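For reference, the chains in residue letters:
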Amino acid sequence: MIIAVYSLKGGVGKTTLAVNLAWAAATLSARRTLLWDLDAQAAATFVMGHDGDTSAAAQRTITRDIDAAKLIRTTAIERIDLLPADASLRSLDRAFHEIDSKKRLAKIAAGLAKSYDRIIIDCPPGLTDTSDQIMRAADLVVVPVIPSALSRRALDVIAGHVTAKKGPRVVLAPVFSMVDRRRALHRAALDTHPDWPTIPMASAFEQMTDRRAPLGSFMPRASPGVEAIAALWTRVEQALNR
């Protein structure tokens, strides 16, 4: 099953969610998990302990000049492998446009899925050819939403775009991200959608970049951040089962 973590906006905690969901899949559900970093910033690649490939090979897996499986790297977390990003992905939209195959990413993902129970894709922001490819490939798209008008508007734009597309409809799973319950604006947003999963604003998440590891690998299971990730993962698995 393929889970994309995607947002029209940047800075909403997308990479944090992708890395921690991969940890939850591998650790809490004992799934063989591939974390696929498709963002040219390569933040997920860095957090998982890899500095990226200087050969600029990531985009060549899309053009099929390189077998994607040959770029996969192991990580320090049991049952998590990484398909790393690099700067070549900056021109990924152009590559998809030139390839002119709407299901290229889906076909590559289907090949990778033979070796994994779960594939988590950290997506670049924006509504582009790349995002269309990802939505065709994914079984579920987790959309982090900061409790703000602009972030909610971004979700509405994504939902409208998906509705306008022909063919099978991808399932969107909005998640409140970077929530600070001390703020009235955030509390009001949560009241509007009490059924959405919630990931709190916590300094522990910021430590992931320094420690270069998922939250659950260095924080107690009973800590608020890890509990929130675990609860979200339970909801994701339930959605996939449906």
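Quick note: structure is the one above.
Below you will find a few notes about this structure.

Basis of the calculations
Residue numbers restart at each chain and count upward from 1, following the sequence in its written direction. Two thresholds apply to this predicted model, a pLDDT of at least 70 for residue-level local features and 80 or more for giving and counting side-chain atom pairs, whereas whole-chain, interface and lining totals are computed over all residues. Working from all heavy atoms in the structure, the side-chain values ignore hydrogens and water. Each helix corresponds to a stretch of at least 4 residues labelled H or I by DSSP, and each strand to a stretch of at least 2 residues labelled E; elements are numbered beginning at the N terminus. By this rule the span expected of a helix is its residue count minus one, scaled by 1.5 Å. Here's how the labels work: a residue is buried when its accessible area is under 20% of the maximum for its type, exposed when over 50%, partly exposed in between, all with a 1.4 Å probe on protein chains only. As used here, the arc belongs to the directions running from the helix axis to the C-beta atoms. Residues are treated as being in contact if the distance between any of their heavy atoms lies within 4.5 Å. Here a cavity denotes grid points, spaced 1 Å and computed from the protein atoms alone, that fit a 1.4 Å probe unable to get out, and a pocket denotes an open set having protein on both sides within 12 Å along at least 5 of 7 lines; residues with an atom within 4 Å of a point are the lining. Grid points are joined across faces, edges and corners, and a volume is the space filled by probe spheres set on the points. Here the nonpolar group is Ala, Val, Leu, Ile, Met, Phe, Trp, Tyr, Cys and Pro; Asp, Glu, Lys and Arg are the charged ones; every other residue, Gly included, is treated as polar. Salt bridge criterion: a side-chain nitrogen from Lys or Arg within 4 Å of a carboxyl oxygen from Asp or Glu. The pairing criterion is simple: DSSP has to find at least two bridges between the two strands. Helix axes are fitted only over the stretch in contact, all axes being lines through C-alpha atoms; the angle between N-to-C directions runs from 0 to 180 degrees.

### Focus on helix H7 (residues 149–164)
Spanning 16 residues, H7 covers 23 Å between terminal C-alpha atoms, matching the ideal 22 Å at 1.5 Å per step. Ser151, Ala154, Leu155, Ile158 and Val162 are the residues of H7 that are buried. Taken end-on, H7 shows its buried residues confined to a sector of 100°, consistent with a single buried face. With respect to the buried face of H7, the exposed residues turned more than 90 degrees away are Ala149, Leu150, Arg153 and Ala164. Buried residues along H7 sit in contact with helix H6 (129–137), strand E6 (140–145) and strand E7 (171–179).

### Some remarks on empty space enclosed by the protein
Under the counting rule described, the total for this entry stands at one cavity of 30 Å³ or more. Its boundaries defined by the atoms lining it, the largest cavity holds a volume of some 40 Å³. As for the largest cavity, its lining consists of Trp36, Asp37, Leu38, Ala58, Thr61, Leu71, Leu83, Pro84 and Leu89. Of all the secondary structure elements, the ones that give two or more residues to the lining of the largest cavity are strand E2 (33–37) and helix H3 (58–62). Taken together, the residues of the lining of the largest cavity sort by class into seven nonpolar, one polar and one charged.

### Observations regarding the pattern of salt bridges
A complete count under the given rule lists nine salt bridges for this structure. Arg79 is paired through a salt bridge with Glu78; the nearest N and O atoms lie 3.5 Å apart. The salt bridge partner of Asp156 is Arg152, with a shortest N-O separation of 3.1 Å. One end of the pair is Asp156 and the other is Arg152, both in helix H7 and four residues apart, which spans about a single turn. We classify Asp156 as partly exposed; its relative accessible area is 41%. For Arg152, a relative accessible area of 29% corresponds to the partly exposed category. Ionic contacts of the salt-bridge type, sharing partners, join the residues Lys14, Asp39 and Asp122 into one network.

### Digging into the sheet that holds strand E4 (residues 80–83)
Strand order across the open sheet formed by eight strands is E3-E4-E2-E5-E1-E6-E7-E8, with mixed pairing between neighbours. The sheet terminates laterally at strand E3 (73–74) and strand E8 (198–200), the two strands that pair on one side only. Against the sheet, helix H5 (residues 104–112) touches strand E1 (2–5), E2, E4 and strand E5 (118–122), its axis set at about 150° to E2.

### A look at the environment of Pro214
Tracing the backbone shows Pro214 in the loop between helix H9 (203–211) and helix H10 (224–241). As for Pro214 and Leu105, which are separated by 109 residues in sequence, their C-alpha atoms are 26 Å apart. If we ignore the near neighbours within four places in the chain, the residues touching Pro214 are Val19, Asn20, Trp23, Met48, Ile77 and Met208.

The analysis is restricted to geometry; functional conclusions fall outside its scope.
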